[in-house]
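# A structural walkthrough
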Amino acid sequence: MPQLSAIIITKDEATNIGDCLDSLAFCDERIVVDAASSDGTMMIAKQKGARVATHGWKGFGPQKNYALSLAQSDWVLSIDADERVTPELAQAIRAAIESGKAEGYEIPRRSSFCGRTMRHSGWFPDRVLRLFRRDKARFSDDVVHERVVCDGVVARLNEPILHYPVTRLEDAIRRIDQYSTLGAEKLAASDRKISPLSGLTHGIGTFLRVYLLKLGFLDGAAGFMLAIANAEGAYYRYQKAWLARQRRG
């Protein structure tokens, strides 16, 4: 029977890591790579029986590639601390790796925003490549919005990962700041043309895309708040990138 390693990267995820690891009990190996958490994340992970390592932060892609380098099983499942694997998904994963029909599998995510499960807004089905043969894939080196590059056939599973990225509005504000900073670094280093108005135009465009084109209005008040949050993220990403270029002269 093929062996399965779960890999998770963390930074101050004490509120999430325990439940995440519990949902991965079906895996043969659970690896947590921590970036100097100060909230007890590592202690909880060790108590749950995970193999824990520390690694200096160089971005999401490099961090996940380091975690991948520690995996020893034939197959790897990459999971974030704010995600959960249901028993139904665990069964589907085991069946997939035993079938040998593909080298990688995309899994849909069912995400919630401030307590509401999102059915639209671009958040569902949100398929992500998370399950793959260890020797057939790696993560891109992007500091943010990294992706799995798989050499071989990629198929899809139907059972979703449960995703809880924003339980409170404060979480959304924190994510806006964190991800806009990382995105701005990547944007500022690119050849993209950026003006003082770029943030405004991209912010408005993002709101219209999420709320109207992606049917965010069907998600009610949560859909409106998510569209605003995504628009703010786009605005600050471009404004931070423009300011970074200004500082460089």
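Remember, predicted model here, so these are calculated numbers, not experimental data.

Each value, and the rule that gives it
- Every chain begins its residue count from 1, and numbering advances along the sequence as written.
- Where totals are concerned, whole chains, interfaces and linings use all residues; where local detail is concerned, this predicted model gives features only for residues with pLDDT of at least 70, and gives and counts side-chain atom pairs only at 80 or more.
- The basis for the side-chain values is all heavy atoms of the structure; hydrogens and waters are excluded.
- Helix and strand assignments come from DSSP, with helices taken as H or I runs of at least 4 residues and strands as E runs of at least 2, each series counted from the N terminus.
- Each residue after the first adds 1.5 Å to the expected span of a helix.
- The cut-offs for exposure are 20% and 50% of the maximum accessible area for each residue type, with area from a 1.4 Å probe on protein chains only; residues under the lower value are buried, those over the upper are exposed, and the others partly exposed.
- Two residues qualify as a contact provided that any one of their heavy atoms is within 4.5 Å of a heavy atom in the partner residue.
- Note on aromatic contacts: the rings of Phe and Tyr and the six-membered ring of Trp form a pair at centre separations within 6.5 Å, being stacked when their planes are under 30 degrees apart, edge-to-face when over 60 apart, and tilted otherwise.

### A short note on helix α7 (residues 220-247)
Over its 28 residues, α7 runs 41 Å from end to end, which matches the ideal 40 Å to within 8%, given 1.5 Å per residue. Among all positions in α7, only Ala222, Gly223, Leu226, Ala227, Ala229, Ala231, Gly233, Ala234, Tyr238, Gln239, Ala241 and Ala244 are buried. Looking at the packing, one finds that the buried side of α7 touches β7 (109-113), β8 (116-117), α5 (169-188) and α6 (198-213). Of the residues trailing α7, Gly249 is marked for its positive phi of about 85°.

### Concerning the packing of aromatic side chains
Across all of its chains, the model carries ten aromatic pairs by this definition. Ring centres of Phe132 and Phe139 lie 6.0 Å apart, and the angle between their planes is 80°; on these two criteria the pair is classed as edge-to-face. For Phe132, a relative accessible area of 0% corresponds to the buried category. Ring plane angle 70° and centroid distance 6.2 Å describe the contact between Tyr211 and Phe217, whose orientation is recorded as edge-to-face. Classification of Tyr211 as partly exposed rests on a relative accessible area of 21%. An aromatic cluster of three or more residues is present, and its members are Phe207, Tyr211, Phe217 and Phe224.

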